[in-house]
Amino acid sequence: MDAFYASVELLRYPQLKGLPVVIGGGRRRVDEAIRDLPEGATLADIPIEAFPRLKDYTGRGVITTATYPARQFGIGSAMGLMKAAKLCPQALILPVDFDEYRRFSRTFKQVILEIAPLMEDRGVDEVYIDFTDVPGGQRDGGRSLARLIQKAIFDATGLTCSIGVAPNKLIAKMASEFEKPNGISVVYEHDLETRIWPLPCRKVNGIGPKADEKLKRFGIETVGQLAARERGWLIDTFGKATGAWMHEVAWGRDNRPVVTESEPVSMSRETTFERDLHAVRDRAELGAIFTHLCEKLAEDLQRKGYVGKTIGIKLRYDDFKIATRDQTIDRYTDDGKTIRQIGGQCLKRVPLERPLRLLGVRVGALAKAGSPEATAPAASARGAEPVATTASLF
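## A short note on the overall build of the protein chain
Here is step 1 of the chain: A count of helical and extended segments in the protein chain gives 15 helices and 12 strands.
Here is step 2 of the chain: In summary, the protein chain has a C-alpha radius of gyration of 24 Å against a globular reference of 21 Å for 394 residues, a match within 12%.
Here is step 3 of the chain: Taken over the C-alpha atoms alone, the protein chain extends approximately 65 × 65 × 45 Å along its principal axes.
Here is step 4 of the chain: For the protein chain, the residues scored as buried account for 43% of the 394 residues in total.
Here is step 5 of the chain: Counting only contacts in the protein chain whose residues sit at least 6 apart along the sequence, the fraction spanning at least 24 positions is 66%.
Here is step 6 of the chain: As presented, the protein chain carries roughly 21100 Å² of accessible surface, and 51% of it is formed by carbon and sulfur atoms.
Here is step 7 of the chain: Charged side chains in the protein chain number 58 positive and 52 negative. The centres of these two groups are separated by 4 Å.

Here's what the structure looks like:
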């Protein structure tokens, strides 16, 4: 989906189309501008001057997404809002509304499934689709079916998407970025040298900043330069698994199927604070935030029908260093109080002298609620940590 969160917001506020807009900084509550709407007025009637500007933002929130006019200034997802304000101070800022984004996500995915049933869900705004056996799926290299999907999604939601069609998931993912927004790119096997090899290595899904930096130290900046290196050299330099994988992807090889059903490994909730909080001076505030995160995580588990038995916490300090701890209990749970209790015990095992920027909680080792695995009697407690009953640090 094209700039998904921002595009959903533009349906709500059509007067902002064509303007630099960023989404982030906090969850939606009540928009200040909406409170002063005259009787009978709609959201589309709010004057542009009423929306907050990025230059006036103070805090440490990050950008979830941005409209394409904002991206022209170098603004992108995960960028700090204060940094973005220096690049484009005139940009407008809107809070996130995950409930609305999820609603549109469910709608566009249902549209796809009615046309092409083999779909792999890759998050709120992205999917893989297998065209192989769909009637008309091979016509014009898949372009005709892609065009049909684009039109059906637009008719149902008013949103645009970009589609990459290729022999495998690796190249299709890369191709989906070629003609954004609202584009279709068809890449054949014989296009590897001309369309894939000139791309920077970072365009390969799975090559992150650290691997890219290491590749550049060896003079490897493009996929083609990566393909030119011998498999053995890559394995010696990056390790057996990673080196072999790099060699395969540089040559456009990817045998992964489209997976229509997959189970999550874990679920989590986290928040970045507007200001640094200290475990002693801000104990009450931190305690309230932690309790809220645990309750919301429990709601997520219950809504999606999962229970888990490994509970963990994540902290980011003011120096950006991260600490994580987890504990496995002997029974599966989706209970907010239990998650809060065990998470509090995990907090006792991390240093809390430095101020905190971020706090998160996670539940792993998931099973379907009501499954034989989840309802089996608790294992022997030998070697397992008991559920604690003492109070946590906050």
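Now that the structure has been shown, we can carry on.
## Some points on the packing of helix H5 (residues 98–115) against helix H6 (residues 143–157)
Here is step 1 of the chain: Two numbers describe how H5 lies on H6: the axes approach to 9 Å, and their chain directions differ by 140°. With respect to H6, the element H5 is oriented oblique. For the pair H5 and H6, the crossing hand works out as right-handed. Facing H5, whose interface residues are Phe104, Thr107, Phe108, Val111, Ile112 and Ile115, H6 presents Leu145, Leu148, Ile149, Ala152, Ile153, Ala156 and Thr157.
Here is step 2 of the chain: Split into classes, the residues belonging to the contact of H5 with H6 amount to 11 nonpolar, 2 polar and no charged.

## Regarding the confidence of the model for the protein chain
Here is step 1 of the chain: Per-residue pLDDT for the protein chain averages 90, and the proportion of residues at 70 or more is 93%.
Here is step 2 of the chain: Across the protein chain, the element-wise mean pLDDT spans from 55 in helix H2 (residues 32–35) up to 97 in helix H10 (residues 223–227).
Here is step 3 of the chain: A low-confidence stretch, residues 380–391 stays under pLDDT 50, and its non-local contacts, those more than four residues away or across chains, total 15 contacts.

## Some words on the pairing of strand E10 (residues 322–333)
Here is step 1 of the chain: Relative to E10, strand E9 (residues 306–317) runs antiparallel, the two sharing 8 bridges. When the sheet's bridge partners are listed, isoleucine 311 is paired in E10 with glutamine 327.
Here is step 2 of the chain: Remark: 4 residues form the turn of the hairpin made by E9 and E10, two consecutive strands paired antiparallel; phenylalanine 320 in that turn has positive phi of roughly 75°.

## A look at the side chain of serine 176
Here is step 1 of the chain: For serine 176, the position within the fold is in the loop between helix H7 (169–175) and strand E7 (184–186).
Here is step 2 of the chain: Other than its neighbours up to four places away in sequence, serine 176 contacts Ser162, Ile163 and Gly164.

## A short note on the packing of aromatic side chains
A ring pair, where both rings are aromatic, is described by two values, the distance of the centres and the angle of the planes.
Here is step 1 of the chain: One pass over the full model with this rule turns up 8 aromatic pairs.
Here is step 2 of the chain: Consider the rings of phenylalanine 4 and tyrosine 5, whose centres lie 6.0 Å apart with planes at 50°: the pair is tilted.
Here is step 3 of the chain: For tyrosine 5, a relative accessible area of 13% puts it in the buried group.
Here is step 4 of the chain: Judged by centre distance (5.1 Å) and plane angle (80°), the rings of tyrosine 13 and phenylalanine 51 are edge-to-face. Within this pair, whereas tyrosine 13 is found in the loop between helix H1 (4–12) and strand E1 (21–27), its partner phenylalanine 51 is found in the loop between H2 and strand E2 (63–66), the two being separated by 38 residues in sequence.
Here is step 5 of the chain: Given the relative accessible area of 6%, phenylalanine 51 is considered buried.
Here is step 6 of the chain: Among the aromatic residues, those joined into a cluster by ring pairs are Phe4, Tyr5, Phe98, Tyr101 and Phe108.
Here is step 7 of the chain: One residue, arginine 71, lies across the ring of tyrosine 68, its end atom 4.6 Å from the ring centre.

## Focus: the pattern of salt bridges
Where side chains of opposite charge bring their charged atoms close, a pairing between them can arise.
Here is step 1 of the chain: Counted according to the given criterion, the structure contains 26 salt bridges.
Here is step 2 of the chain: Of the charged contacts in the structure, one is a salt bridge between glutamate 100 and arginine 103, with a shortest N-O distance of 3.0 Å. Note that glutamate 100 and arginine 103 are positioned in helix H5 at a spacing of 3 residues, about one turn of the helix.
Here is step 3 of the chain: Salt bridges here are not isolated pairs; linked through shared partners, they connect Glu9, Arg12 and Asp97.

## Comments concerning the nonpolar core
Here is step 1 of the chain: Judged by nonpolar contacts, the single largest core of 36 residues is most densely connected at Phe4, Leu16, Ile23 and Ile153.
Here is step 2 of the chain: For this core, the secondary-structure elements that each account for two or more residues are H1, E1, strand E3 (92–96), H5, H6, strand E6 (163–165) and E7.
Here is step 3 of the chain: Excluding residues that lie within four positions of it along the chain, leucine 16 makes contacts with Leu10, Val21, Ile48, Phe51, Leu92 and Leu94.
Here is step 4 of the chain: Counting 29 residues, the second-largest nonpolar core is a separate cluster that includes Met267, Leu297, Ile329 and Val363.

## Side note on the side chain of threonine 310
Here is step 1 of the chain: In this fold, threonine 310 is placed in strand E9.
Here is step 2 of the chain: Of the polar contacts made by the side chain of threonine 310, one reaches the side chain of threonine 328; its length is 2.9 Å.
Here is step 3 of the chain: The contact partners of threonine 310, leaving out residues within four places of it in the chain, are Asp326, Gln327, Thr328, Arg362, Val363, Gly364 and Ala365.

## What to know about helix H11 (residues 231–238)
Here is step 1 of the chain: Listed as buried for H11 are Leu234, Thr237 and Phe238. For H11, the angular spread of buried residues about the axis comes to 75°, placing them on one side.
Here is step 2 of the chain: Where H11 is buried, its residues meet helix H9 (209–217), H10 and helix H12 (240–250).
Here is step 3 of the chain: With its phi angle positive at about 100°, glycine 239 sits one or two positions after the end of H11.

## Regarding the environment of aspartate 97
Here is step 1 of the chain: Along the chain, the position of aspartate 97 falls in the loop between E3 and H5.
Here is step 2 of the chain: C-alpha separation for the pair aspartate 97 and glycine 344, spaced 247 residues apart in sequence, amounts to 29 Å.

Procedures and definitions
- Residues numbered from 1 in each chain as written.
- Predicted model: local features only at pLDDT ≥ 70, side-chain atom pairs only at ≥ 80, totals over all residues.
- Heavy atoms only, no water.
- Helix = DSSP H or I, 4+ residues; strand = E, 2+ residues; numbered from the N terminus.
- Rg over C-alpha atoms; globule rule 2.2 N^0.38 Å.
- Buried < 20%, exposed > 50% of the residue type's maximum accessible area, 1.4 Å probe, protein only.
- Contact = heavy atoms within 4.5 Å.
- Areas by Shrake-Rupley, 256 points an atom, 1.4 Å probe, with all protein chains shown as cover.
- Lys, Arg positive; Asp, Glu negative; His and termini not counted.
- Charge placed at Lys NZ, Arg CZ, Asp CG, Glu CD.
- Axes fitted to C-alpha atoms, helices over the stretch in contact; angles between N-to-C directions.
- Parallel < 35°, antiparallel > 145°, perpendicular 65-115°, else oblique.
- Left-handed = near helix turned anticlockwise from the far one by under 90°.
- Nonpolar A, V, L, I, M, F, W, Y, C, P; charged D, E, K, R; others polar.
- pLDDT = per-residue confidence, 0-100.
- Pairing = 2+ DSSP bridges.
- Phe/Tyr/Trp six-rings, centres within 6.5 Å; stacked < 30°, edge-to-face > 60°.
- Lys NZ or Arg CZ within 6 Å of the ring centre and 35° of its normal.
- Salt bridge = Lys/Arg side-chain N within 4 Å of Asp/Glu carboxyl O.
- Core = buried A, V, L, I, M, F, W, Y, C linked by side-chain atoms within 4.5 Å.
- Polar contact = N/O pair within 3.5 Å; in protein donor to acceptor, adjacent residues only side chain to side chain.
- Arc of directions from axis to C-beta.

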